[in-house]
Amino acid sequence: MASTLSTAPVLGTLGLVVAGCGGTPARPPAPAPLPSSIAIVGATLWDGTGGPPVTNAVTLIRRDRILCAGSAGECAIPKGARVVDARGRYLIPGLIDSHVHLLFLTRGSAGEELGLDLRDLLAQGITTVRDMGTDPAALLSRVRSLQAAPRVHAMQLVAGRRFFFNGFHGTRTARGTIYRQPPAIAMQQLGWRPLQFDPGDDAEALVAAARKAGAMGLKLYAHLDSSSVRRLTEAAHRAGMPVWGHAWVQPASVLEQVTAGQNGVVHAAGLAGELFTVEDRDTLVRDGDLQAATAAVATVGAAHDPRVLAALDSMASRGTVFEPTLDAVRHSVASYDAKLRHIPSLQEEYVRSASRFGMEVTRQAVRRGVRISAGSDHVSYGPRTDRATLFGELRLLVDSLGMSPTAALLAATRDAARAVGGQPGRHIGTIQKGRYADLVLLSKNPLEDIANLEYVDLVIIGGKMWRPGQLRSGIAMN
Ligand SMILES: [Zn+2]
């Protein structure tokens, strides 16, 4: 199979012309012809830097990088460049979903389904994804063999001892005692590889193991105290690796995670942890206990509790990025809504309170200036309609929280690049000279209506062009 789809047929359908008259005599001479240079001409350019859109723009690509992007007079079209006539269309940075889970060895996404899902993400204009925890080495080796996929970066899951050995104590409920296996076992059965970290362990050694597995950073998952969070964060930062964590990581609270220097926090509903004392947080070991406790305290009013707001203010002042993952919770609520008759469960109660509380926490976060990344918690298996999407997350940020489409787009481009962080984050997220040529050309204006992100004409990743239909159908990919 060919390694990539040739750009020629794609360009042909857009009206390929060869430029030879890129400037007037008064201007400096056009640069010498460059191999593999492409000029996207006439689009309205929204470059993701926070500035206003530029009409009738010229964006130049050389090999896999952006050479120039601006108004027609700013970027002289190199002689011999391929020109894409993009008049009437809208050019934005490639989208970033900073929270996905791609590899499920026992659910079918280890093989063909992984490739299909990644092609579908690319067809949506998503050119970078960050896997927030599966098996970095196994995932990255599979992705390397794919011919069309977003850039994939992987985080290493880390959890404390009780995640791996919970003593098999039961949880007492009205219907008797429920015995659960340690959460790590369920995770390992999916083919994931969480690393264990205990208070006396060597943080540098864990960071080295994560790096060896190919991870770009750490994702702190559960059962880590504030001192462990701090030691892991400092060790990872010394190695140039970002650290993210669940809000909260039991017993460490969000406020403790933030003051430890963690780069980001995921799941808005987890801010409910701020409402417990450190002693109470330490007793919430099992999922059932955690869900019951959260369901009891996570009201809309609780999102205004001074302890929650203190954590959000700390995030805002330190620049800690927040990923609310609202669409994933919305999917869970919808699945309960779709069941006409069912016995109410603790999980349902938890999901419904987490949804209401999480939405209000996010509203407060936006109001208080916390930087938002629109990572979706997308998973790459199961019915497509059940999967959270970046598109769904952005719709919620705009339609339910009242963010402007521009602010939402920043949460999937510039700010999502900051969420990804590390070395990879410095090359993506905006259309600027030197960044990767990861771009999306839309036929409708997403700044007017975020739903217009559905109208993808062309996806460009590292200078390679793809039609959504080709990616989804697999036609012309062999
Ligand atoms: Zn997740």
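Note that this is a predicted model, so its numbers are computed, not measured. (Residues numbered from 1 in each chain as written. Predicted model: local features only at pLDDT ≥ 70, side-chain atom pairs only at ≥ 80, totals over all residues.)

Time to look at the overall build of the chain. Check the secondary structure of the chain and you find 18 helices and 20 strands. Per-residue burial over the chain gives 51% buried out of 478 residues. Within the chain, contacts between residues separated by at least 24 positions form 73% of all contacts whose residues are at least 6 apart in sequence. (Helix = DSSP H or I, 4+ residues; strand = E, 2+ residues; numbered from the N terminus. Buried ≥ 20, exposed ≤ 12 C-beta atoms within 10 Å, placed from the backbone. Contact = placed C-beta atoms within 7 Å.)

Grouped together as the largest cluster of nonpolar side chains are 144 residues, with contacts concentrated most on A39, L91, L122, L232 and A412. Ranked by residue count, the leading element in this core is helix α13 (residues 346–367), at eight residues. Counting residues domain by domain, this core receives three or more from each of domain 1 (7–93 + 430–473) and domain 2 (95–425). Apart from the residues within four sequence positions on either side, A412 is in contact with L95, I96, A374, L390 and L394. (Core = buried A, V, L, I, M, F, W, Y, C linked by C-beta atoms within 7 Å. Domains from an automatic or database assignment.)

A separate point is the environment of R363. Its place among the elements puts R363 in helix α13. On the basis of neighbour counts, which here come to 18 C-beta atoms within 10 Å, the residue R363 falls in the partly exposed class. A sequence separation of 37 residues divides R363 from S400, and the C-alpha atoms of the two residues are 9.0 Å apart.

The N-to-C vectors of helix α12 (residues 326–338) and α13 enclose an angle of 145°; their axes lie 9 Å apart at closest approach. For α12 against α13, the interelement crossing comes out left-handed. Packed against α12, whose contacting residues are L326, V329, R330, S332, V333 and Y336, the element α13 presents E348, V351, R352, A354, S355, G358, M359 and T362 at the interface. A breakdown of the residues in the contact of α12 with α13 according to their chemical character gives seven nonpolar, four polar and three charged. (Axes fitted to C-alpha atoms, helices over the stretch in contact; angles between N-to-C directions. Left-handed = near helix turned anticlockwise from the far one by under 90°. Nonpolar A, V, L, I, M, F, W, Y, C, P; charged D, E, K, R; others polar.)

Our focus in this paragraph is α12. Taking 1.5 Å per residue as the helical rise, α12 with its 13 residues ought to reach 18 Å, and the 18 Å between its terminal C-alpha atoms agrees with that figure. Along α12, the residues that are buried comprise L326, D327, A328, V329 and R330. Where α12 is buried, its residues meet α13 and α14 (390–399). (Expected span 1.5 Å × (residues − 1).)

Burial runs high along strand β8 (residues 126–131): six of the six residues are buried. When strand β7 (residues 95–101) meets β8, the two strands line up parallel, connected through four bridges. Residue pairing in the sheet places D97 in a bridge with V129 of β8. As paired elements, β8 and strand β9 (residues 151–159) share four bridges and run parallel to each other. (Pairing = 2+ DSSP bridges.)

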